[in-house]
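Per-entry structural report
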Amino acid sequence: MTLENLNEKQQEAVKYTDGAALIIAGAGSGKTLTLTYRIAYLIESGVNPFNILALTFTNKAAQEMKERIVNLVGNRAKDIWMGTFHSVFAKILRIEADHLGYVSNFTIYDTEDAKNLIKNIVKDMNLDDKVYNKSFVYGRISSAKNNLYSPQDYLDSVEISSSDRANGKPYIGHIYKEYNNRLRRNMAMDFDDLLFNMNVLLVSKADLLLKYQEKFKYILVDEYQDTNFSQYNIVKKLSARYRNICVVGDDAQSIYAFRGANIQNILNFQKDYPESKLFKLEQNYRSTQNIVNAANSVIEKNFDKIDKKVWTSNEEGVKINYNELPSDREEAKWVCDIIRNRISNNDAKYGDFAILYRTNQQSRSLEEKLRLMGIPYRIYSGLSFYGRREIKDVLAYFRLVVNNSDDEAFLRIINFPSRGIGDTSLNKLKLFAQENNLSLFSTAETMLQNVGLGAKAYNNVINFCTMIRLFSNRVKQEDAFSLGEEIIRESSIIKYWKDDEDPSSDERINNIEELINAIKAFVETEENEILDEATGEEINIEDKTLDVFIQQASLMSEMDRDDKENENKVSLMTIHSAKGLEFPYVFVTGMEENLFPSNLSLTDNADMEEERRLFYVAMTRAKKELLLASSKSRFRNGQIVCNEKSRFIDEINEKYIKTIVSKEEKSFNDSPFFNNKKTSFNNYSSNKTSFKQNVGNIKKMDNLPKGIVEENILNLKDFTLGLRVYHEKFKEGKILSLEGEGDNMKADVDFENFGIKKLVLRFAKLKLIKEN
DNA sequence: AGGTACTTATAGAGT
DNA sequence: ATAAGTACCT
């Protein structure tokens with residue numbers, strides 16, 4: 001294997017294989033490349049891939065890195081354990097579940113499940129749910145777990161109990177205790193438990209600690225700056241025997257303190273491992289000089305950091321473009337116009353663009369405009385696929401089938417779709433289960449005569465239990481696809497949504513179908529056997545069964561999903577999700593005080609430094625061009641708010657930035673593609689009250705078509721030749737020809753003022769013009 | 001028991 | 001703006 005692709009510093013880091021190593025990798029410094037080569041090099045120099053553990057930030061990153069290593073050293077690299085902290089330790093907990101009093105097919109609760117459980121506990125304990133707000137309580141419990149405080153530790157801590165009492169919330173410790181009891185009763189773990197219980201395992205079972213220390217002789221941790229205490233401690237324990245630990249990170253990119261990440265982990269690494277060697281990768285291969293220098297000028301304002309100087313030998317590039325716009329709609333339009341312009345003038349493609357923002361809700365106005373302008377995009381954040389209601393419903397069926405103790409899943413589906421089991425019956429069932437310390441399902445299955453239900457409800461419950469039981473018996477016999485498909489069919493969830501009038505139901509059905517495809521893909525991927533080195537036993541922990549699928553699915557984020565459609569789309573995501581990615585053209589929208597930096601970070605200096613690091617991450621995603629936008633007013637939570645431009649704009653050294661303040665009249669002259677002023681504004685008339693503060697910017701549309709524009713967008717099947725249609729931008733036109741089918745359907749349309757355009761009808765949003 | 005209409009909470013990033 | 005929860009009617 002040759003290392004000639006690597007620079008000198010990178011090569012040094014690759015070759016220093018034994019002992020502790022700290023790699024400080026500046027933004028764009030070829031970190032992934034270095035890590036990839038380092039692991040390949042380890043294998044080449046005789047390390048058994050079974051003995052390597054690599055912890056990455058997303059599962060997708062792990063998957064991609066593994067593929068690259070396979071390309072370098074061949075298939076044996078597949079035996080490396082690589083994935084996120086949560087997924088790797090979930091896998092180990094699956095194997096070792098009985099040591100903790102769990103079953104191996106335990107359920108993993110996501111944040112929503114966990115908060116619902118908390119809400120139920122607060123209700124059962126007769127506490128005020130406003131005082132014990134579920135999100136607040138969840139946050140307290142989560143940070144307790146991440147700092148390895150058990151419920152008893154929590155209750156025993158004088159410091160914590162006095163601070164909770166001072167806040168008027170003395171019972172959080174009790175809720176925490178009951179929360180953990182219920183999780184255990186449900187055979188469930190929350191995200192933090194995956195790490196907490198791994199710690200428990202390593203502390204309480206000396207033989208297991210030794211087993212995994214021997215297994216993971218070489219440990220690599222990516223994004224080390226974003227590890228929390230619980231993660232830090234696992235790594236410390238596992239590496240204690242061989243001390244072959246390599247951590248990679250950049251303190252300047254630490255952006256997860258809010259969920260317990262501790263930047264001190266990376267800052268203190270050299271104290272923890274005095275023998276460690278430090279490597280600094282400072283040459284940036286990603287961005288232009290302007291971008292690198294501008295980002296440096298911002299991050300300089302932070303106090304708490306490791307000294308380094310990121311530089312580049314790339315070309316100078318164009319200046320950062322900052323535009324101050326009147327409203328979020330104008331902001332979205334500016335972004336779209338630039339995308340159009342760069343595509344026609346710079347030979348860029350849609351996939352070269354990313355639009356970043358601080359908060360998920362900002363995607364809405366952008367999405368609207370992108371759709372209107374027929375620009376293909378994909379959102380990588382927001383409600384994750386597996387968080388959608390219809391998907392969670394299906395997964396609840398799976399969960400109950402796999403783990404009959406999961407009361408939360410039981411409650412979610414016992415009467416959805418409705419099968420005649422109402423609140424009265426359910427309350428009786430709950431009461432009986434509670435009094436006899438049984439799960440709801442086993443109560444329903446074995447004790448139903450004693451519960452005292454009406455005849456109708458009784459039979460309905462029996463039928464439900466029979467269905468679930470028959471499926472449960474098949475979990476280990478069948479693959480996830482054949483069983484999952486049948487469960488979905490039997491549940492009648494699809495029928496429920498088909499009967500529903502709401503137009504969004506179609507989308508829900510699509511999503512369920514996509515879930516079925518995902519199960520299929522899961523079943524079809526290669527099976528990996530895991531060798532238990534201590535016993536020499538080959539454990540087939542990755543059977544393609546339903547229980548494995550749902551455990552894996554609960555740890556999937558939006559970033560981990562592949563898009564089966566073509567990849568050439570504009571990416572929309574939060575800055576947090578953009579970590580580790582790069583794009584030729586990057587927009588950062590919403591550069592306003594109270595939004596970015598967030599209003600919640602204004603009073604605390606450490607929080608403000610984290611916001612600044614976040615901005616640094618955003619800036620350094622860009623390869624060729626960085627474009628910033630702020631808006632004087634924008635919709636937030638249903639109303640218009642006005643903010644000054646972000647302080648971060650002024651922190652950029654002015655040598656590297658060019659500012660435009662868009663006057664209404666010449667907002668979009670930057671874009672020769674759409675410099676026809678007559679058409680630069682949209683018809684906002686559909687929006688009733690909310691534009692009062694915005695009207696200065698809204699023009700009456702001048703070239704209204706003759707005839708009446710129908711309100712609804714034309715359905716794909718309704719297009720015919722010669723139809724008179726209305727387009728938001730090109731106005732009035734006539735269909736000349738049609739081609740393609742379904743989503744690929746295109747038309748040549750002759751527009752009165754714009755000539756003939758080829759439009760993809762799925763995006764064009766054409767409306768019918770009726771004669772008057 | 002099930003469905004609809006109104007009220008209320010939520011509005012920071014995500015494994 | 002939106003989702004979820006509650007009150008009330010069939």
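Above this text you will find the structure in question.
Residues numbered from 1 in each chain as written. Chains lettered and ligands numbered in written order. Predicted model: local features only at pLDDT ≥ 70, side-chain atom pairs only at ≥ 80, totals over all residues. Heavy atoms only, no water.

1. Looking at a positive patch on the surface
Together, Lys-119, Lys-123, Lys-134 and Lys-430 make up a region of like positive charge exposed at the surface. If you trace the backbone, Lys-123 turns up in helix H5 (residues 111–124). (Patch = residues over 30% accessible without salt bridge, like charges linked within 9 Å, V, L, I, M, F, W, Y side chains within 5 Å. Areas by Shrake-Rupley, 256 points an atom, 1.4 Å probe, with all protein chains shown as cover. Salt bridge = Lys/Arg side-chain N within 4 Å of Asp/Glu carboxyl O. Lys, Arg positive; Asp, Glu negative; His and termini not counted. Charge placed at Lys NZ, Arg CZ, Asp CG, Glu CD. Helix = DSSP H or I, 4+ residues; strand = E, 2+ residues; numbered from the N terminus.)

2. Digging into the protein's contact with DNA strand C
Taken together, Lys-119, Arg-364 and Gly-638 make up the full set of residues near DNA strand C. A distance of 2.6 Å separates a phosphate oxygen of DNA strand C from a polar atom in the side chain of Lys-119. With respect to DNA strand C, the side chain of Arg-364 contributes an N or O atom lying 3.4 Å from a sugar or linking oxygen. (Near = heavy atom within 4 Å. Polar contact = N/O pair within 3.5 Å; in protein donor to acceptor, adjacent residues only side chain to side chain.)

3. Regarding the protein's contact with DNA strand B
In the vicinity of DNA strand B, 30 residues are found, and the nearest of them are Thr-111, Arg-358, Gly-420, Ser-557 and Glu-611. In the interface set of DNA strand B, defined as its atoms within 4 Å of the protein, sugar plus phosphate atoms amount to 49%. Between a phosphate oxygen of DNA strand B and a side-chain N or O atom of Ser-557, the distance comes to 3.1 Å. At 2.7 Å from a base nitrogen of DNA strand B is found a side-chain nitrogen or oxygen belonging to Glu-611. Listing elements by their share of the surface near DNA strand B, those giving two or more residues are helix H20 (423–435) and helix H28 (575–578). Looking at the surface near DNA strand B element by element, the count peaks at three residues for H20. Classifying every residue of the surface near DNA strand B by side-chain character gives five nonpolar, 20 polar and five charged. (Nonpolar A, V, L, I, M, F, W, Y, C, P; charged D, E, K, R; others polar.)

4. What to know about the packing of helix H1 (residues 8–15) against helix H2 (residues 31–44)
The relative placement of two packed helices is expressed as an angle between their axes plus a distance between the axes. Two elements in contact, H1 and H2, have axes separated by 8 Å at closest approach and are oriented at 40 degrees. Two packed elements cross with a definite hand, and for H1 against H2 that hand is right-handed. Taken together, the residues of H2 that come into contact with H1 (itself represented by Gln-10, Ala-13, Val-14 and Lys-15) are Thr-34, Tyr-37, Arg-38 and Tyr-41. (Axes fitted to C-alpha atoms, helices over the stretch in contact; angles between N-to-C directions. Left-handed = near helix turned anticlockwise from the far one by under 90°. Contact = heavy atoms within 4.5 Å.)

5. Quick look at helix H26 (residues 505–524)
Over its 20 residues, H26 extends 29 Å from the first C-alpha to the last, a length consistent with the 28 Å expected when each residue adds 1.5 Å. Taken together, the buried positions of H26 are occupied by Ser-505, Ile-509, Asn-511, Ile-512, Glu-514, Leu-515, Ile-516, Ile-519, Phe-522 and Val-523. Elements that come into contact with the buried residues of H26 comprise helix H18 (389–402), helix H24 (480–491), helix H25 (493–499) and helix H27 (546–553). (Expected span 1.5 Å × (residues − 1). Buried < 20%, exposed > 50% of the residue type's maximum accessible area, 1.4 Å probe, protein only.)

6. Digging into unusual backbone geometry
With an omega of -15 degrees, the peptide bond running from Phe-416 to Pro-417 counts as cis. You can see Pro-417 is positioned in the loop between helix H19 (407–413) and H20. Residue Phe-596 is joined to Pro-597 through a cis peptide bond whose omega torsion reads 10 degrees. With respect to the helices and strands, the residue Pro-597 is situated in the loop between strand E15 (583–588) and helix H29 (605–619). The backbone of Asn-126 shows a phi angle near 55 degrees, a positive value even though the residue is not glycine. Residue placement: Asn-126 occurs in the loop between H5 and helix H6 (134–146). One non-glycine residue, Ser-492, lies in the positive phi region at around 60 degrees. Along the chain, Ser-492 turns up in the loop between H24 and H25.

7. As for the packing of H2 against helix H3 (residues 59–73)
Where H2 contacts H3, the axes come no closer than 9 Å and their chain directions differ by 45 degrees. Compared by their axis directions, H2 and H3 come out oblique. The hand of the H2/H3 crossing is right-handed. Listed contacts from H3 to Thr-32, Leu-35, Thr-36, Tyr-37, Ile-39, Ala-40, Ile-43 and Glu-44 of H2 are Met-65, Arg-68, Ile-69, Leu-72 and Val-73. For the contact of H2 with H3, the per-class residue count stands at nine nonpolar, two polar and two charged. (Parallel < 35°, antiparallel > 145°, perpendicular 65-115°, else oblique.)

8. Here's the deal with the nonpolar core
In globular proteins that are soluble, nonpolar side chains generally tend to be buried together. By size, the foremost hydrophobic cluster in this structure holds 54 residues, and its most contacted members are Phe-398, Phe-410, Phe-464 and Phe-549. Looking at this core, the element that brings in the most residues is H18, giving nine residues. The residues touching Phe-410, leaving out its near neighbours within four places in the chain, are Leu-400, Leu-426, Leu-429, Leu-440, Phe-441, Ala-444 and Phe-464. Ile-92, Leu-202, Val-247 and Phe-269 belong to the second largest nonpolar core, which has 44 residues in total. (Core = buried A, V, L, I, M, F, W, Y, C linked by side-chain atoms within 4.5 Å.)

9. Things to note about the environment of Tyr-322
Turning to its location among the elements, Tyr-322 is positioned in strand E9 (residues 320–327). Residues within four places of Tyr-322 in sequence aside, it is in contact with Leu-628, Ala-629, Ser-630, Lys-645, Ile-649, Ile-657, Lys-658, Thr-659 and Ile-660.

10. Some points on the side chain of Thr-84
With respect to the element layout, Thr-84 can be found in strand E3 (residues 81–84). Of the polar contacts made by the side chain of Thr-84, one reaches the side chain of Ser-87; its length is 3.0 Å. Those residues in contact with Thr-84 that sit more than four places away from it in its chain are Leu-55, Thr-56, Phe-57, Thr-58 and Asn-59.

11. Considering the environment of Phe-136
Considering the arrangement of structural elements, one finds Phe-136 in helix H6. For Phe-136, a relative accessible area of 34% gives the class partly exposed. Linking Phe-136 and Ala-618, residues 482 residues apart in sequence, is a C-alpha distance of 29 Å. In this structure, Phe-136 is in contact with Lys-169 and Ile-172, ignoring residues within four places of it in sequence.

12. Some details on the sheet that holds strand E8 (residues 277–281)
Strand order in this open sheet of six strands is E3-E2-E6-E7-E1-E8, and the pairing throughout is parallel. The open sheet has two edge strands, E3 and E8, and neither has a second partner. Neighbour-to-neighbour, the strand axes of the sheet open up by a mean angle of 15 degrees, direction not taken into account. Where strand E1 (residues 21–25) meets strand E7 (residues 245–249), four bridges bridge the pair, whose relative direction is parallel. Note on E7: the bridge partner recorded for Ala-21 is Cys-246. With respect to the sheet, H2 is in contact with E1, strand E2 (52–56), E3, strand E6 (218–221), E7 and E8, its orientation differing from that of E6 by roughly 175 degrees. (Pairing = 2+ DSSP bridges.)

13. Quick look at the pairing of strand E10 (residues 353–357)
Where burial is concerned, most of E10 is hidden: five out of the five residues are buried. Taking every second residue as pointing to the same face, both faces of E10 are buried, with Phe-353, Ile-355 and Tyr-357 on one and Ala-354 and Leu-356 on the other. Direction of pairing for E10 relative to E15: parallel, over a ladder of four bridges. Bridge pairing in E15 links Ile-355 to Phe-587.

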